Amino acid sequence: MKKYLYYSAFLIIMFISCNKNDSESDAELIHYSTDQISFNIPALHCDSCVKSATEALKKVEGVDEVKIDLTEKYAVIYSNGDISPDPDQISDVLEKIGLEAVFDNYDL
């Protein structure tokens with residue numbers, strides 16, 4: 001019987017702590033909404049290209065995070081701030097390193 005009480009108390013504590021973390025993370029998601037811009041980079045052909053593109057894109061104003069998929073030749077830029085990255089600036093930065101951004105489904 002004593003083991004059952006300890007086990008029940010443990011489960012209740014775990015349930016309360018799990019719910020507390022969920023509500024905190026929900027608040028963070030609401031507070032830090034993320035905008036994203038996705039595009040293709042057709043000329044990507046190696047990890048060095050990905051590294052160069054990532055470093056260049058991180059310098060664009062408003063860019064917080066960059067994810068590039070070499071296999072798909074596809075990039076996603078995430079922005080959390082008040083400033084959204086400018087697609088023209090993204091294109092310019094990539095052109096300086098010999099790459100091109102192709103915005104297929106992006107309204108400029």
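Residues numbered from 1 in each chain as written. Predicted model: local features only at pLDDT ≥ 70, side-chain atom pairs only at ≥ 80, totals over all residues. Heavy atoms only, no water.

A. A look at the packing of aromatic side chains. By the definition in use, this model includes 1 aromatic pair. Arranged with centres 5.1 Å apart and planes meeting at 45°, the rings of Phe39 and Phe103 form a pair that is tilted. On the criterion of sequence distance, the pair formed by Phe39 in strand β1 (residues 35–40) and Phe103 in the segment after α3 (87–96) is long-range, its members being 64 residues apart. (Phe/Tyr/Trp six-rings, centres within 6.5 Å; stacked < 30°, edge-to-face > 60°. Helix = DSSP H or I, 4+ residues; strand = E, 2+ residues; numbered from the N terminus.)

B. Inspection of a negative patch on the surface at higher detail. Among the surface-exposed residues, Asp86, Asp88, Asp92, Glu95 and Glu100 lie close enough to one another that they form a single negatively charged patch. Of note, Asp88 is situated in helix α3. Given the relative accessible area of 49%, Asp88 is considered partly exposed. (Patch = residues over 30% accessible without salt bridge, like charges linked within 9 Å, V, L, I, M, F, W, Y side chains within 5 Å. Areas by Shrake-Rupley, 256 points an atom, 1.4 Å probe, with all protein chains shown as cover. Salt bridge = Lys/Arg side-chain N within 4 Å of Asp/Glu carboxyl O. Lys, Arg positive; Asp, Glu negative; His and termini not counted. Charge placed at Lys NZ, Arg CZ, Asp CG, Glu CD. Buried < 20%, exposed > 50% of the residue type's maximum accessible area, 1.4 Å probe, protein only.)

C. The arrangement of the environment of Thr71 in detail. Structurally, Thr71 can be placed in the loop between β2 (65–69) and β3 (74–79). The sequence separation of Thr71 and Leu44 amounts to 27 residues, and the corresponding C-alpha distance is 8.7 Å.

D. The sheet that holds β2, seen in detail. Here we have 3 strands laid out as an open sheet, ordered β1-β3-β2, and antiparallel in their pairing. Strand pairing shows two members of the sheet lacking a second neighbour, β1 and β2, which therefore form its edges. This sheet shows a mean twist of 15° between the axes of neighbouring strands, independent of strand direction. Sheet topology note: the β2/β3 ladder contains 5 bridges and is antiparallel. When the bridges of β3 are listed, Asp69 appears paired with Tyr74. Taken strand by strand, helix α2 (residues 47–58) contacts β1, β2 and β3, and its axis lies near 155° from that of β2. (Pairing = 2+ DSSP bridges. Axes fitted to C-alpha atoms, helices over the stretch in contact; angles between N-to-C directions. Contact = heavy atoms within 4.5 Å.)

E. Quick peek at the state of the cysteines. On inspection of all chains with the given rule, the structure shows 0 disulfides. Here Cys46 stays free of any disulfide, with the sulfur of Cys49 as its closest cysteine sulfur at 3.6 Å. (Disulfide = S-S within 2.5 Å.)

F. Inspection of α3 at higher detail. Taken together, the buried positions of α3 are Pro87, Ile90, Ser91, Val93 and Leu94. Down the axis of α3, the sector holding all buried residues measures 165°, keeping them to one side. Among the exposed residues of α3, those pointing more than 90 degrees away from its buried face are Glu95 and Lys96. Check the buried side of α3 and you find it contacts β1, α2 and β3. Two residues or fewer after α3 comes Gly98, characterised by a positive phi angle close to 85°. (Arc of directions from axis to C-beta.)

G. Expanded view of the side chain of Thr54. In this fold, Thr54 is placed in helix α2. A distance of 2.7 Å separates a polar side-chain atom of Thr54 from the backbone oxygen of Val50. Once you skip the residues sitting within four places of it in the chain, Thr54 turns out to touch Val66 and Ile68. (Polar contact = N/O pair within 3.5 Å; in protein donor to acceptor, adjacent residues only side chain to side chain.)

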